[in-house]
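Chains, contacts and geometry: an overview
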Amino acid sequence: MDLSYTPEEEQFRARLREWLAKTLPALPPAPSPHDWPGRRAYDLGWQRRLYDAGYAAVHWDATPSVRLIFLEETEKAGAPYVGANFVGLLHAGPTVAAEGTDAQRSRWLPPILRGEEVWCQGFSEPEAGSDLAALRTRARRDGDEYVVTGSKIWTSHAEVADWCELLVRTDPDAQKRRGITWLALPMDAPGVTVRPLRTLTGTAEFAEVFLDEVRVPVGNRVGDENDGWRVTMVTLSFERGTAFAGEVVACRRVLGELAVEARGNGRWDDPALRRRLGRLNAEFRALWRLTQWNVSAAEASGGVPGAGGSVFKLRYSHARQELYDAAAEVLGADCLDLDRPWALDRLASLSYTIAAGTSQIQHGIIAERILGLPKGR
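Since the model is a prediction, treat every value here as computed from it, not as a measurement. (Residues numbered from 1 in each chain as written. Predicted model: local features only at pLDDT ≥ 70, side-chain atom pairs only at ≥ 80, totals over all residues. Heavy atoms only, no water.)

Description of the UniProt feature "domain: Acyl-CoA dehydrogenase/oxidase N-terminal" (unreviewed entry) in the protein chain
Following the UniProt record, one finds the feature "domain: Acyl-CoA dehydrogenase/oxidase N-terminal" (unreviewed entry) at residues 6-116. Helix and strand shares over residues 6-116 are 67% and 0% respectively, and the end C-alpha atoms of the span are 33 Å apart. (UniProt positions renumbered as here; feature names shortened; annotations may be inferred. Helix = DSSP H or I, 4+ residues; strand = E, 2+ residues; numbered from the N terminus.)

As structure tokens, this is what we get:
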């Protein structure tokens, strides 16, 4: 498989670098990580700049290779992260683009690209996290509407979202994966209650969402009724495929900064630490190559990432935790000072083997879909 870039793709890289060099110095200061209304405005403002410059649709309309170049270069340049736009740009948007009707694409995709609307993800429930297919939120058909009752947890950016990609059970008598439907829920609908959740790092990017007889138009259904599990697999393939690509670049940058810090504080003299950092350097280089391979495979299969994304997600989650464990070794006792660089990142890294599908779930996907092993009983 050819992992090199074409001349046209390298020209795109050069144009993007030039634009970033001119644009980033003019950006206003980023708001506090605890100010979610402020972060919403900041993230939407950045998305609008991308839209005006012609880069907003790169996540959907460009080839996976161009998308990868975009993620690599924006991260290297220190551009703002997608932030509150994460679900819209990297989950819901690509899913609607792949599975939605023409009318749905016309309604929902342009506001995401223009930086006008934020989406959140309503998948997990208190008793349906890793076993997502066990979800219980019920949607009862009533004419041209679904009446939805239930609750969601770990709903990303719900506090500032306009829309929610929502999984509901429309047929309680069907086999659990066959009775699920994917809906777009307006977050201002009567009966929606959002309760923010404070994380270990002190931020509130997640929330509980309570749904009490919420009416959702049938026209907001993406895919057929009871076909939501298949649509969800499309969503999760994007989440595990290229959504973390920019973070691999960020981890490689942090690794270089750790080496500089270790040389400055004397810990570089420890050969075990040098070996550890060297192994992590090889690990993240390999993960970047794996990302390129997954992107090439996606291009060959129509642009939707495959099960190879689970291989990446599994290894990346553990490598990121190992990176920030190494950061704690470099910092020594200073790693307990949450104002020091990497201290909060270390706490946040603990969630990566849970978020976007636990490592145990990724092992199962790899075993069944890649290795062809029989399902466990």
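Focus on the pattern of salt bridges
A full pass over the atoms with the stated rule returns 31 salt bridges. One salt bridge connects R114 with E116, and the closest N-O pair in it is separated by 2.8 Å. Given a relative accessible area of 25%, R114 falls into the partly exposed group. The class for E116 is partly exposed, based on a relative accessible area of 37%. Salt bridges here are not isolated pairs; linked through shared partners, they connect E10, R13, R17, E72, E73 and K76. (Salt bridge = Lys/Arg side-chain N within 4 Å of Asp/Glu carboxyl O. Buried < 20%, exposed > 50% of the residue type's maximum accessible area, 1.4 Å probe, protein only.)

What about helix α11 (residues 359-370)?
Under the 1.5 Å per step criterion, the end-to-end length of α11 is 16 Å for twelve residues, consistent within 8% with the ideal 16 Å. For α11, the full list of buried residues reads S359, Q362, I365, I366 and A367. Looking one or two places after α11, you find G372, whose phi comes out positive at around 75°. (Expected span 1.5 Å × (residues − 1).)

Some remarks on the nonpolar core
Formed by 45 residues in total, the largest nonpolar core has its most connected members in F12, W46, F70, F284, Y316 and L323. Counting residues per element, the ones that place at least two in this core are α1 (7-23), α2 (36-53), α3 (64-76), α7 (245-265), α8 (271-300) and α9 (308-331). Top element by residues in this core is α9. It accounts for ten residues. Beyond its immediate sequence surroundings of up to four residues, L323 is in contact with C251, V254, L255, L258, L280 and F284. (Core = buried A, V, L, I, M, F, W, Y, C linked by side-chain atoms within 4.5 Å. Contact = heavy atoms within 4.5 Å.)

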